[in-house]
Amino acid sequence: MNWRLLDNNPLNSADHMALDEVLLASRSTGKCPNTLRFLQFSPRCALLGLHQAAELEIDEEYCRREHIEINRRITGGGAIFWGPSELGWEIYAGKDWLAGRNLDEVYKLLCEVMVKALNDLGVKAMFRPRNDIQVGNRKICGTGGAELGNAFVFQCSLLVDFDVESMVKVLKIPREKISDKKINAVEDRVTWLKRELGWVPDMSKIKDAICKAFTSVMDMQFIRDELNPWEEAIFRERRMYFYSPEWINKVCLPTGSGEIKEACLKTPGGLIRVAAKTELKARVLKSILISGDFFTHNPTVIFELEARLKDCPLEGDKIEEIIRAYFKAYPDQIPGVRVQDVESCVRRALR
């Protein structure tokens, strides 16, 4: 089957995030064919997951001092640091392309494409559920996705010539996220192409290996193209929003009076992080932020759950009742995260 291939010059973080929204909307409304897009970033940036708060995940002062952009993805998952040498790719496809398979099955298959591309480049990689690609015990790729209407996006980031020292300074990595891996340093958690090969392959060679892996694993052929007129128009209309504090600070710690308590919990689906603001005299949960590096098929589910928990009584089982009812109404929306996990993390924060 023929897919459109978009291979832009390096762009800044806001323009890339705007294009993500535009292309997902374009595919969902049938205005474009299934598409593969390559991404390179300039200048350097830190990208939050959709549900994350910058003050919890990123050293904002360091980023300002070093002229590192901060932005927010339209998909979930954890914060990542992008240098000029890293490469991302993403596919935008209609759900009819799933051919009866669920998204988790397709995501695994897409990870296998990246595994083959790395193997063809001379790096022995493997897929590690739920969403990582590793070399040995070190992560070399991260993945994620989201849905909109009749379409979905799947994203993959590949570390090529990675500046791990800057990453450690930019990202605030909770101990809970690395404790189960029993490592002594954050640097031991990741690897990159130059580290594995001893040299940096030409970027065109890496892209070619990825395209050939898609052809081999999924029988996909690519035709290089550009944005269509509808996409260009919507991109011009929407791009400035992704430069705005309204988007970048879409998720932030609760403000105002009251005491803020925090807790973290590592789950098979990723780290859950809760910041809860309470009013102890009134015995109510004034507001709550549920963040972390988990993924959601429907990006709005966490925001809706936070709204339902607002002003909830601290006594009794009302908090648990709301969480259980919500997970029952929206099952399987957060892969690898159980209702008990969310309950436990919220109660840890309140305790």
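In this text the structure is predicted, and so the values were computed from the model without any measurement.

Section: the overall build of the chain
Moving on, step 1. Regarding its fold elements, the chain presents 13 helices and 15 strands.
Moving on, step 2. Against the compact-globule benchmark of 20 Å for 351 residues, the chain has a radius of gyration of 20 Å, which places it among compact chains.
Moving on, step 3. Along the three orthogonal principal directions, the C-alpha set of the chain runs to about 60 × 45 × 40 Å.
Moving on, step 4. The 351 residues of the chain split such that 55% are buried.
Moving on, step 5. Here the contacts in the chain between residues at least 6 apart in sequence split such that 70% fall between residues at least 24 apart.
Moving on, step 6. Summing over all exposed atoms, the chain offers an accessible surface of approximately 15700 Å²; the carbon and sulfur share of this is 49%.
Moving on, step 7. Side chains of the chain give 51 positive and 51 negative charges; the mean places of these two sets differ by 3 Å.

Digging into the packing of helix α11 (residues 301-309) against helix α12 (residues 318-329)
Moving on, step 1. Following both chains from N to C, one finds α11 and α12 inclined at 150 degrees, their axes separated by 10 Å at the closest point. As judged from the angle between their axes, α11 and α12 are roughly antiparallel. In this structure, the crossing between α11 and α12 has a hand that is right-handed. On the side of α11, the interface is formed by Val301, Glu304, Leu305, Arg308 and Leu309, while α12 contributes Ile319, Ile322, Ile323, Tyr326 and Phe327.
Moving on, step 2. Its residues assigned to classes, the contact of α11 with α12 shows eight nonpolar, no polar and two charged.

Here we look at the sheet that holds strand β8 (residues 132-135)
Moving on, step 1. The sheet built from eight strands is open, its strands ordered β7-β8-β9-β10-β6-β2-β1-β11 with mixed pairing. Where the open sheet ends on each side, the last strands, each with one partner, are β7 (126-128) and β11 (221-224). Direction aside, the axes of adjacent strands within the sheet are offset by 25 degrees on average.
Moving on, step 2. Where strand β2 (residues 35-39) meets strand β6 (residues 87-94), five bridges bridge the pair, whose relative direction is antiparallel.

Examining the sheet that holds strand β13 (residues 270-279)
Moving on, step 1. Pairing is antiparallel in the open sheet, where four strands are placed in the order β12-β13-β14-β15. Looking at strand neighbours, the two that pair on one side only are β12 (259-267) and β15 (312-313), the edges of this open sheet.
Moving on, step 2. Of the strands in this sheet, β12, β13 and β14 (284-292) touch helix α13 (residues 339-350), which is tilted by about 145 degrees from β12.

Observations concerning the packing of aromatic side chains
Geometry of an aromatic ring pair is reported as the spacing of the ring centres plus the angle between the planes.
Moving on, step 1. Applying the stated criterion across every chain yields a total of 14 aromatic pairs.
Moving on, step 2. Relative to Phe154, the ring of Tyr107 has its centre 5.1 Å away and its plane inclined at 50 degrees; by these criteria the two rings are tilted. With a gap of 47 residues between them, Tyr107 in helix α4 (residues 103-120) and Phe154 in strand β10 (residues 151-158) connect regions that are remote in the sequence.
Moving on, step 3. Consider the rings of Tyr241 and Trp247, whose centres lie 5.8 Å apart with planes at 55 degrees: the pair is tilted.

Quick word on the environment of Ala25
Moving on, step 1. Relative to the helices and strands, Ala25 is located in helix α1 (residues 13-28).
Moving on, step 2. Accessibility expressed as a relative area gives 22% for Ala25, which makes it partly exposed.
Moving on, step 3. Along the backbone, Ala25 and Tyr92 are 67 residues apart, and their C-alpha atoms lie at a distance of 9.5 Å.
Moving on, step 4. Contact partners of Ala25, with chain neighbours within four places excluded, come to Leu148 and Trp230.

Points about unusual backbone geometry
Moving on, step 1. Here the bond from Ser42 into Pro43 is cis, since omega is 5 degrees, no more than 30 degrees from zero.
Moving on, step 2. In this structure, His67 takes a positive phi of about 60 degrees despite not being glycine.
Moving on, step 3. As for its placement among the helices and strands, His67 is situated in the loop between α3 (60-65) and β4 (69-72).
Moving on, step 4. Unusually for a residue other than glycine, Asp311 sits at a positive phi of about 60 degrees.
Moving on, step 5. The topology assignment puts Asp311 in the loop between α11 and β15.

Some points on the domain arrangement of the chain
Moving on, step 1. Under the domain assignment used here, the chain contains domain 1 (2-249) and domain 2 (259-350).
Moving on, step 2. For domain 1 and domain 2, the distance between their C-alpha centroids amounts to 27 Å.
Moving on, step 3. Listed by partner, the interface residues are 26 residues for domain 1 and 21 residues for domain 2.
Moving on, step 4. Buried area between domain 1 and domain 2, both sides added, is near 2000 Å², and the carbon and sulfur share of it is 58%.
Moving on, step 5. In this structure, the connection of domain 1 to domain 2 is made through one salt bridge.
Moving on, step 6. Here Glu57 and Arg273 are joined by a salt bridge, their closest N and O atoms 3.3 Å apart.
Moving on, step 7. For the pair domain 1 and domain 2, the interface holds four residue pairs in polar contact (both at pLDDT 80 or more).

Thoughts on the side chain of Arg27
Moving on, step 1. Positionally, Arg27 belongs in helix α1.
Moving on, step 2. Buried Arg27, no salt bridge; nearest opposite-charge side chain is Asp96, N-O distance 4.4 Å.
Moving on, step 3. Not counting residues within four places of it along the chain, the set of residues in contact with Arg27 comprises Cys32, Pro33, Asn34, Tyr92, Ala93, Gly94, Asp96 and Ala151.

Side note on empty space enclosed by the protein
Moving on, step 1. What the rule picks out here adds up to one cavity of 30 Å³ or more.
Moving on, step 2. Quantified by volume, the largest cavity comes out at close to 60 Å³.
Moving on, step 3. Taken together, the elements giving at least two residues each to the lining of the largest cavity come down to α11 and α12.
Moving on, step 4. If one sorts the elements of the lining of the largest cavity by residue count, α11 sits on top with three residues.
Moving on, step 5. In the lining of the largest cavity, the residues fall into seven nonpolar, one polar and no charged.

Criteria and cut-off values
Residues numbered from 1 in each chain as written. Predicted model: local features only at pLDDT ≥ 70, side-chain atom pairs only at ≥ 80, totals over all residues. Heavy atoms only, no water. Helix = DSSP H or I, 4+ residues; strand = E, 2+ residues; numbered from the N terminus. Rg over C-alpha atoms; globule rule 2.2 N^0.38 Å. Buried < 20%, exposed > 50% of the residue type's maximum accessible area, 1.4 Å probe, protein only. Contact = heavy atoms within 4.5 Å. Areas by Shrake-Rupley, 256 points an atom, 1.4 Å probe, with all protein chains shown as cover. Lys, Arg positive; Asp, Glu negative; His and termini not counted. Charge placed at Lys NZ, Arg CZ, Asp CG, Glu CD. Axes fitted to C-alpha atoms, helices over the stretch in contact; angles between N-to-C directions. Parallel < 35°, antiparallel > 145°, perpendicular 65-115°, else oblique. Left-handed = near helix turned anticlockwise from the far one by under 90°. Nonpolar A, V, L, I, M, F, W, Y, C, P; charged D, E, K, R; others polar. Pairing = 2+ DSSP bridges. Phe/Tyr/Trp six-rings, centres within 6.5 Å; stacked < 30°, edge-to-face > 60°. Domains from an automatic or database assignment. Buried area = accessible area lost by both parts, 1.4 Å probe. Salt bridge = Lys/Arg side-chain N within 4 Å of Asp/Glu carboxyl O. Polar contact = N/O pair within 3.5 Å; in protein donor to acceptor, adjacent residues only side chain to side chain. 1 Å grid on protein atoms, 1.4 Å probe; cavity = no way out; pocket = protein on both sides within 12 Å on 5 of 7 lines; lining within 4 Å. Points joined across faces, edges and corners; volume = space filled by probe spheres on them.

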